[in-house]
Amino acid sequence: MAQWLLPQPPAQLPTGSFIHIRLPIERWRQLDEGCGTLVTLLTPADFSYAHFARKLKKRADSEGSNPAKDIPAALHHQIEHLQKLERGVVLGFDDEFLHQYRIAIRRSRAIAESVQELTGDKSLAKAVKTLRRHARATGPLRDLHVLLQDLPALCGDDHELLQALQQALESEQASKHGKLSARLVSKRYRDSMDHWLNLVASRAFRKQVATLRPADIRKAVARRIKGFNRRTARLDDGTPDDDIHRLRKQLKRLRYLMELDTKRWKSDLKSLKARQQLYGRFQDLHVQIELLQSIRDTSPQHPIAGLGRIIDTLEARKADTRHQILALGGLDGAPLRHPVL
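The rules behind these values
Residues numbered from 1 in each chain as written. Predicted model: local features only at pLDDT ≥ 70, side-chain atom pairs only at ≥ 80, totals over all residues. Heavy atoms only, no water. Helix = DSSP H or I, 4+ residues; strand = E, 2+ residues; numbered from the N terminus. Buried < 20%, exposed > 50% of the residue type's maximum accessible area, 1.4 Å probe, protein only. Contact = heavy atoms within 4.5 Å. Areas by Shrake-Rupley, 256 points an atom, 1.4 Å probe, with all protein chains shown as cover. Lys, Arg positive; Asp, Glu negative; His and termini not counted. Charge placed at Lys NZ, Arg CZ, Asp CG, Glu CD. Core = buried A, V, L, I, M, F, W, Y, C linked by side-chain atoms within 4.5 Å. Patch = residues over 30% accessible without salt bridge, like charges linked within 9 Å, V, L, I, M, F, W, Y side chains within 5 Å. Salt bridge = Lys/Arg side-chain N within 4 Å of Asp/Glu carboxyl O. Polar contact = N/O pair within 3.5 Å; in protein donor to acceptor, adjacent residues only side chain to side chain.

If you tally the helices and strands in the protein, you get 13 helices and two strands. Expressed as lengths along the three principal axes of its C-alpha atoms, the size of the protein is roughly 80 × 60 × 30 Å. Residues classed as buried in the protein amount to 42% of the 341 residues present. For the protein, the share of sequence-separated contacts (at least 6 apart) that also reach a separation of at least 24 residues comes to 73%. Surface accessibility of the protein: about 19300 Å² in total, with carbon and sulfur atoms responsible for 50%. The protein carries 59 positive and 40 negative side-chain charges, and their two centres are separated by 8 Å.

What follows is the structure in structure tokens.
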């Protein structure tokens, strides 16, 4: 039917696809071959991350090669991955597209930051700043996704409370998604990503990266572990939440730096990721409490019954997570200790 109605029909229409065709007619007898206009075509790969992921080609295993020489290829892969994910993020049917987009852009930024640190190349500063800005823009929407996923378990059998909170949060989610979508299709965003792509592909960048050695990465990892341990030693029950959040970001950067030489730190990366998840849980609880308190504060005339109970539950979980973080202490270096999740 699509082939008959459209002058330029799609090459294929996979099972589970959606197609929207506009017909400029008032009576069915006016229907004619090729009179339709294609408005939208969505395939499963557009609205389901699981289907999207099946289409991705597996990357060749580069383990055992000089990690520094693989940096341009790794960054180019992340750029391509970002470009493919953008459509799914803008459509907003599957939250996993945003999650994977955040991973790709933060990983790109972390690698760029690591190269800048190791080489002292100041030309990367602008790119790092831009990638940081794009990553931050996804944060509010991601936080709403996580809270909406957790709400059913938090509300339990209180369906009235669940409905009230979902209504408030989904309205905010729609607003945040609209802003992020507008950003991703803007000329400013596209120009910034084109600039990043050109920088990664430039001869100057490849020449700069070629000077790196595995020993340089090891020294940078040692410096970051030392800095992390110094800040961790100052943690106590009264430490502001922002200090723990900064440590979480340091863990991420340390992990991404170590992933430049995965073979050397293969076992340590597993425990570092587990520790990072613990810090991430603390940050999620912190943000969820703030979001729910904001709902409570903006509707004092019509308080949502049961909201205080949920906030108290999250506060207790955050306190417990803080104690687990304090009990871990600093990083031993090799091997790193595994937190109990």
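Moving on from the coordinates now.
Once that is clear, we can look at the nonpolar core. In terms of nonpolar packing, the biggest core is built from 55 residues, with Ile71, Tyr101, Trp196, Phe205, Val221 and Tyr279 touching the most fellow members. Tallying contributions element by element places helix α5 (residues 95-119) first for this core, with nine residues. Leu154, Ile289, Ile310 and Leu314 belong to the second largest nonpolar core, which has 18 residues in total.

Before going further, it helps to examine a positive patch on the surface. On the surface, Lys226, Arg230, Arg231 and Arg234 cluster together to form a positively charged patch. Turning to its location among the elements, Arg230 is positioned in helix α10 (residues 214-232).

This paragraph deals with the pattern of salt bridges. Within this structure, the stated rule accounts for 17 salt bridges. Between Glu259 and Arg107 there is a salt bridge, and its shortest N-O distance comes to 2.3 Å. A residue pair is termed long-range when its members are at least 10 positions apart, and Glu259 in the loop between α11 (241-258) and α12 (266-298) and Arg107 in helix α5 qualify at 152 residues. A residue is classified by how much of its surface remains accessible, and Glu259, at 24% relative accessible area, is partly exposed. Linking Asp284 and Arg142 is a salt bridge whose minimum nitrogen-to-oxygen distance equals 2.5 Å. Taken together, the residues Asp284 in helix α12 and Arg142 in helix α6 (residues 125-155) connect sequence positions 142 residues apart. Through salt bridges that share partners, Arg109, Glu113, Arg132 and Arg253 make up one connected network.

Glancing now at the side chain of Arg107. In terms of polar contacts, Arg107 uses its side chain to reach the side chain of Glu259, at 2.3 Å. Not counting chain neighbours up to four residues away, the residues in contact with Arg107 comprise Gln78, Arg255, Tyr256 and Glu259.

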